[in-house]
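Listed below, chain by chain, are the residues.
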Amino acid sequence: MNALLATVRRDLLLALRRKSEVLTAVFFFVIVTSLFPLGIGPEPVLLKKIAPGILWVAALLATLLGLPRLFAADHVDGTLEQMVLSPSPLGLLVAGKILAHWLLCGLPLVLLAPVLGLQFDLDASALVILTLALLLGTPLLSLIGAIGAALTLGVRGGGVLLALLVLPLYIPALIFGAGAVEAHIAGLGAGGHLSLLAAMLALAVFFAPWATTAALRIALE
Amino acid sequence: MLNVSGLACSRGERRLFADVGFSLAAGEWLHVQGENGAGKTSLMRLLVGLSPADAGEIRWRDEPTPSPEFRRELIYLGHHAAVKEDLTPLENLRLAAALDGIALDERASLAALIRLGLRGREDLPVCVLSAGQKRRVLLARLLTRPALLWVLDEAFNALDAPAVKLLGELIAEHLSAGGMAILTSHQALPVPGGKALVL
Amino acid sequence: MRQSVIHWFRFASPQSFYPLAGRMIPWFWAATAAFGIAGLWISFFVAPTDAQQGEGYRIIFIHVPASWMSMFLYLVMAFWAGLGLALNTRLSGMMAQALAPTGALMAALSLWTGALWGKPMWGAWWVWDARLTSELLLLFLYLGFMALQAAIDDPRRADKAGAILALVGVVNIPIIYFSVKWWNTLHQGSTINLTKAPSMAQTMLWGMLLMALCFWMYSIAVALTRVRAIILERERHTEWVKHALE
């Protein structure tokens, strides 16, 4: 467990020294969501209807933007080799890296989403559901994305390939995440969606680090 | 302690080596020699368990590797600098130790850096150091991370004469304390004794 | 028992599987033709015209078997991939690689025929029907698998990475399918269901089954041909390939 926390601390410290990389993804999220009203028109009823979908798709793409960097830097400078050979279980170190990725690329989106939701005329309770759904959904995106990042490590055209591999796997998160807000607005209650998101998150917490570890070992062979 | 037998490795279609075998006991070291492309680095990666062998067996304390016990007693320094450019040498050492689950206080890490001749550089980001100095930061891990088996791939590259001498001393100390080492190099090494393995 | 174990492992080596596959391929082609002729005959001449959908419905004799095969082939592919990962047999990875294009073809065929069917029935080439949407995602999974394998130079690494992706995909397919289904019911209410045509006639079912068998045999024949090509390509430096090609 200490190894996991040490990895998180290390990656956060590294991100602190190179802030621009983290901020890029956050700015991307803000800009993409702001583009939609400009493209569609400022009609409040329509915007309110498509808000959950837009915010979720933007969150999906913003997470994707940070994924290629998840292991690439450590791969290039050889620290990943040292992690594989470390006495600490690789699964824990990988889990730490994924957690750090979420803290850097996922959590800012969760915190920004209510503000951006205001642009789309969402009311307070819908904003709460949106934030909750993103809070459950963005770690899921980081976990699934890590598998793709490990599989495409050091591969030609890795970034585009990563999107091709990961985006289909993101669809359940998108459906339930955006669906939660829509169901709430429609007065159906978001409980079912949120608990399914939580169930998928629990599943991913168990399996994703394991699959990522296996993929990393293959990538280093 | 370390027994290797019948090791074979190929890269793509090309067979690099076959039937490589040796054994190391406490205090012994092995000098892996060979031309460029002979498979020295591949052998090292195979020995530490980074890549699987086509055939053969590597046993540590009579147990098959790689195992967590083996990794605990192993330190491998390869071609890569394996240090983070944005962190200082001190942070690099302490974070690497933390990832390995080893408690390392600031005094011990400072002492290691000073021994490696990095006094006054411990709080500069690594990216402003020279290639040789980066190499020294990596080598400081030999002092901060207790390990029985040192696997050093081209460790003498990019080092100046005093550093080569220093690394030679470190290895000699390690061996006389009952440690083991496997080194690759083209040139003669400033370490007495040692078995030779030519690929 | 022991005898049979030895046999299995004998054919797990590409060298002995290569001639075996060569002998099997004509038989599977023959079966494809036989089932195909029978299936097409039933679909075109025996099966009655549908009261509501007219003659256009007959495309389901291609559409439904293609959808079945696209899903089934992914499972088979993941099975071979997992086997290769667990037992480290070379042939398994080659089988998975050989199956992927056929699976993708089936998924594409299913989408295409679905669109052709949808135009007269729903009045649109594409509707976000749960089945069609899942089929589209399945096609993406196949394409991702093929793209990943193509992007990695070392075939052994490509096999292993592909295997992990296939296994992750297999865990995700049910989740994706149910989430899409749920999404669909929430957004559209009931749509016309493609396979549960009201009171499907017995002959229609027979036609579909025969066509499914035809597609199945075709998939095996094509996959075996492809695996032979992959074996030759990967083992081109070995002695036996040089002899086999003489």
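Rules used throughout
Residues numbered from 1 in each chain as written. Chains lettered and ligands numbered in written order. Predicted model: local features only at pLDDT ≥ 70, side-chain atom pairs only at ≥ 80, totals over all residues. Helix = DSSP H or I, 4+ residues; strand = E, 2+ residues; numbered from the N terminus. Buried ≥ 20, exposed ≤ 12 C-beta atoms within 10 Å, placed from the backbone. Contact = placed C-beta atoms within 7 Å. Pairing = 2+ DSSP bridges. Axes fitted to C-alpha atoms, helices over the stretch in contact; angles between N-to-C directions. Parallel < 35°, antiparallel > 145°, perpendicular 65-115°, else oblique. Left-handed = near helix turned anticlockwise from the far one by under 90°. Nonpolar A, V, L, I, M, F, W, Y, C, P; charged D, E, K, R; others polar. pLDDT = per-residue confidence, 0-100. Expected span 1.5 Å × (residues − 1).

Topic: the overall build of chain C
Piece 1. Counting secondary structure elements, chain C contains 8 helices and 0 strands.
Piece 2. When the helices and strands of chain C are listed from N to C terminus, the series reads α-α-α-α-α-α-α-α.
Piece 3. For chain C, the proportion of its 246 residues judged to be buried stands at 39%.
Piece 4. Within chain C, counting contacts between residues at least 6 apart in sequence, those at least 24 apart form 80% of the total.

Re the pairing of strand S8 (residues 180–184) of chain B
Residues and elements named next belong to chain B.
Piece 1. With 5 of 5 residues buried, S8 is to be regarded as a mostly interior element.
Piece 2. Of the two faces of S8, the one carrying Met 180, Ile 182 and Thr 184 and the one carrying Ala 181 and Leu 183 are both buried.
Piece 3. Pairing of strand S7 (residues 149–152) with S8 involves 4 bridges; the strand directions are parallel. Residue pairing for S8: Leu 149 is matched across the bridge by Met 180.

Side note on the packing of helix H3 (residues 44–66) of chain A against helix H6 (residues 90–119) of chain A
Residue and element names in this part refer to chain A.
Piece 1. Contact geometry of H3 with H6 gives a least axis separation of 10 Å together with a crossing angle of 155°. Here H6 runs roughly antiparallel to H3, going by the angle between their axes. For the pair H3 and H6, the crossing hand works out as right-handed. Across the interface between the two elements, Ala 51, Leu 55, Ala 59, Ala 62, Thr 63 and Gly 66 of H3 pack against His 101, Cys 105, Gly 106, Leu 109, Ala 113, Leu 116 and Gly 117 of H6.
Piece 2. Taken together, the residues of the contact of H3 with H6 sort by class into 8 nonpolar, 5 polar and no charged.

Examining the packing of helix H4 (residues 90–122) of chain C against helix H7 (residues 202–234) of chain C
Helix-helix packing is characterised by the crossing angle of the two axes and by the distance between the axes.
Residue and element names in this part refer to chain C.
Piece 1. Running from N to C, H4 and H7 point in directions that differ by 130°, and their axes come no closer than 8 Å. Classified by the angle between their axes, H4 and H7 sit oblique to one another. Crossing of H4 against H7: the hand is right-handed. For the pair formed by H4 and H7, the contact residues are Met 94, Met 95, Gln 97, Ala 98, Leu 99 and Thr 102 on the first element and Ser 219, Val 222, Ala 223, Arg 226, Val 227, Ile 230 and Ile 231 on the second.
Piece 2. Partitioning the contact of H4 with H7 into residue classes produces 9 nonpolar, 3 polar and 1 charged.

Some details on the interface of chain B and chain A
Piece 1. In this complex, chain B contributes 22 residues to the contact, which on the side of chain A involves 23 residues.
Piece 2. Contributions of two or more residues to the side of chain B that touches chain A are made by helix H2 (68–72), strand S6 (74–77) and helix H3 (89–99) of chain B.
Piece 3. If you tally residues by element for the side of chain B that touches chain A, the top one is H3 of chain B, at 4 residues.
Piece 4. Broken down by class, the residue content of the side of chain B that touches chain A amounts to 13 nonpolar, 4 polar and 5 charged.

Here's the deal with the confidence of the model for chain A
Piece 1. The pLDDT averaged across chain A works out to 91; a share of 100% of its residues lies at or above 70.
Piece 2. Mean pLDDT per element in chain A: helix H2 (residues 19–40) of chain A is the minimum at 89, and helix H7 (residues 124–151) of chain A is the maximum at 94.

Observations regarding the sheet that holds strand S2 (residues 14–24) of chain B
Residues and elements named next belong to chain B.
Piece 1. With respect to topology, 4 strands assemble into an open sheet ordered S2-S1-S4-S5, the strand pairing being antiparallel. Each edge of the open sheet carries a strand with a single partner, namely S2 and strand S5 (63–64).
Piece 2. Sitting on the sheet, helix H1 (residues 40–48) touches strand S1 (2–11), S2 and strand S4 (55–60), and the angle it makes with S1 is about 125°.

Section: the confidence of the model for chain C
All names here are of chain C.
Piece 1. Scored by pLDDT, chain C has a mean of 84; 89% of the residues are at 70 or more.
Piece 2. Per-element confidence in chain C is highest for helix H3 (residues 60–87), whose mean pLDDT is 91, and lowest for helix H1 (residues 2–11), whose mean pLDDT is 54.
Piece 3. Every residue in residues 189–194 scores below 50 in pLDDT, and together they form 4 contacts with partners more than four places removed in sequence or on other chains.
Piece 4. Model confidence for the complex is summarised by a pTM of 0.89, with the ipTM given as 0.89.

A word on the pairing of strand S3 (residues 29–33) of chain B
Residue and element names in this part refer to chain B.
Piece 1. As paired elements, S3 and S8 share 4 bridges and run parallel to each other. Bridging across to S8, Val 32 finds its partner in Thr 184.
Piece 2. Note that S3 and strand S9 (residues 195–198) share 4 bridges and pair parallel. Bridge pairing links Gln 33 to Val 198 in S9.

Here's the deal with the environment of His 184 of chain A
All names here are of chain A.
Piece 1. Assignment of secondary structure puts His 184 in helix H8 (residues 158–185).
Piece 2. By C-beta crowding, His 184 is classed as buried, having 24 other C-beta atoms within 10 Å.
Piece 3. Contact partners of His 184, with chain neighbours within four places excluded, come to Ser 125, Ala 126, Ile 129, Gly 189 and Ala 190.

Concerning the interface of chain A and chain C
Piece 1. Each side of the interface is counted separately: chain A has 21 residues, and chain C has 22 residues.
Piece 2. Only H7, H8 and helix H9 (191–220) of chain A provide two or more residues apiece to the side of chain A that touches chain C.
Piece 3. Ranked by the residues each element gives to the side of chain A that touches chain C, the list is headed by H8 of chain A, at 10 residues.
Piece 4. Of the residues contributing to the side of chain A that touches chain C, the split by class is 17 nonpolar, 2 polar and 2 charged.

A short note on helix H1 (residues 2–17) of chain A
Piece 1. In a regular helix each residue adds 1.5 Å, so 16 residues correspond to 22 Å; H1 of chain A covers 23 Å between its end C-alpha atoms and thus fits that length.
Piece 2. Taken together, the buried positions of H1 of chain A are occupied by Ala 3, Leu 4, Ala 6, Thr 7, Arg 10, Asp 11, Leu 14 and Ala 15 of chain A.
Piece 3. Next to the buried residues of H1 of chain A lie H2 and H6 of chain A together with H3 of chain B.

Some points on unusual backbone geometry
Piece 1. Here the amide bond leading from Thr 65 of chain B into Pro 66 of chain B is cis, since omega sits at -5°, within 30 degrees of zero.
Piece 2. Tracing the chain through its elements places Pro 66 of chain B in the loop between S5 and H2.
Piece 3. Of note, Asp 121 of chain A is a non-glycine position whose phi angle comes to about 65°, a positive value.
Piece 4. With respect to the helices and strands, Asp 121 of chain A occurs in the loop between H6 and H7.
Piece 5. Owing to 14 C-beta atoms within 10 Å, Asp 121 of chain A belongs among the partly exposed residues under this scheme.
Piece 6. With a phi angle near 60°, Asn 88 of chain C is a residue other than glycine that sits in the positive phi range.
Piece 7. Take Asn 88 of chain C: there are 13 C-beta atoms within 10 Å of it, and that puts it in the partly exposed class.

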